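# Chain and residue survey
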Amino acid sequence: MAYLTDRKRAQGMGSAKTGTGHHWYMMVSSVGLAILIPLFIFTFGPVLGSSYEEVIAYFARPFPAIVAGLTIVASMMHFKSGVQTLIEDYVHGTAKKVTIILMICLSYAIAATGLFAIARLAL
């Protein structure tokens, strides 16, 4: 029977060396989203339920289009980073690699689709 201390069990396991950078990225993107989400709600709210022509005219102005684009990109990159961490913690083996690749592709596809829709409305 082996009696190991917590330190002895953890010794040699090493660190991932990316925890601090990831934490700062998530904190900065959280603060950015805390600013962008209310801006998005207040810029998108007035045209909610309007006709198609009114929405096109509204998003032809630069401020609402830029706020919507920034919100889409920031939220999808925050989502990508958070889900990747979640998958790394709870999924193992080949399924982990496949799931991470699928989630990264999904988040980039959603961001690209959203930006394309905003560009179509704005231009």
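First things first, this report covers the structure right here in the doc. (Residues numbered from 1 in each chain as written. Predicted model: local features only at pLDDT ≥ 70, side-chain atom pairs only at ≥ 80, totals over all residues. Heavy atoms only, no water.)

What follows deals with the overall build of the chain. For the chain, the count of helices and strands is five helices and zero strands. The secondary structure elements of the chain, listed N-terminal to C-terminal, are α-α-α-α-α. The globule rule puts the C-alpha radius of gyration for 123 residues at 14 Å, and the 21 Å found for the chain is more than 25% above it. Considering only C-alpha atoms, the chain reaches an extent of 75 × 30 × 20 Å along its principal axes. Looking at the chain as a whole, 23% of its 123 residues are labelled buried. Within the chain, counting contacts between residues at least 6 apart in sequence, those at least 24 apart form 71% of the total. With 9 positive and 5 negative side-chain charges, the chain shows a separation of 16 Å between the mean positions of the two kinds. (Helix = DSSP H or I, 4+ residues; strand = E, 2+ residues; numbered from the N terminus. Rg over C-alpha atoms; globule rule 2.2 N^0.38 Å. Buried < 20%, exposed > 50% of the residue type's maximum accessible area, 1.4 Å probe, protein only. Contact = heavy atoms within 4.5 Å. Lys, Arg positive; Asp, Glu negative; His and termini not counted. Charge placed at Lys NZ, Arg CZ, Asp CG, Glu CD.)

A word on the packing of helix H2 (residues 19-44) against helix H4 (residues 62-90). Taken N-terminus to C-terminus, the directions of H2 and H4 make an angle of 145°; their axes are 9 Å apart at the nearest point. Here the hand of the crossing between H2 and H4 comes out left-handed. Across the interface between the two elements, His-22, Tyr-25, Met-26, Ser-29, Ser-30, Leu-33, Leu-36, Ile-37, Leu-39, Phe-40 and Thr-43 of H2 pack against Phe-63, Val-67, Ala-68, Leu-70, Thr-71, Ala-74, Ser-75, Met-77, His-78, Ser-81, Gly-82 and Thr-85 of H4. Considering only residue class, the contact of H2 with H4 consists of 13 nonpolar, ten polar and no charged. (Axes fitted to C-alpha atoms, helices over the stretch in contact; angles between N-to-C directions. Left-handed = near helix turned anticlockwise from the far one by under 90°. Nonpolar A, V, L, I, M, F, W, Y, C, P; charged D, E, K, R; others polar.)

The complete set of buried residues in helix H3 (residues 52-59) reads Val-55, Tyr-58 and Phe-59. Buried residues of H3, seen end-on, are gathered within an arc of 85° and therefore sit on one face of the element. (Arc of directions from axis to C-beta.)

Mapped onto the elements, Thr-71 comes out in helix H4. Of the polar contacts made by the side chain of Thr-71, one reaches the backbone oxygen of Val-67; its length is 2.7 Å. Non-local contacts of Thr-71, meaning those with residues more than four positions away in its chain, are made with Leu-33, Leu-36, Ile-37 and Phe-40. (Polar contact = N/O pair within 3.5 Å; in protein donor to acceptor, adjacent residues only side chain to side chain.)

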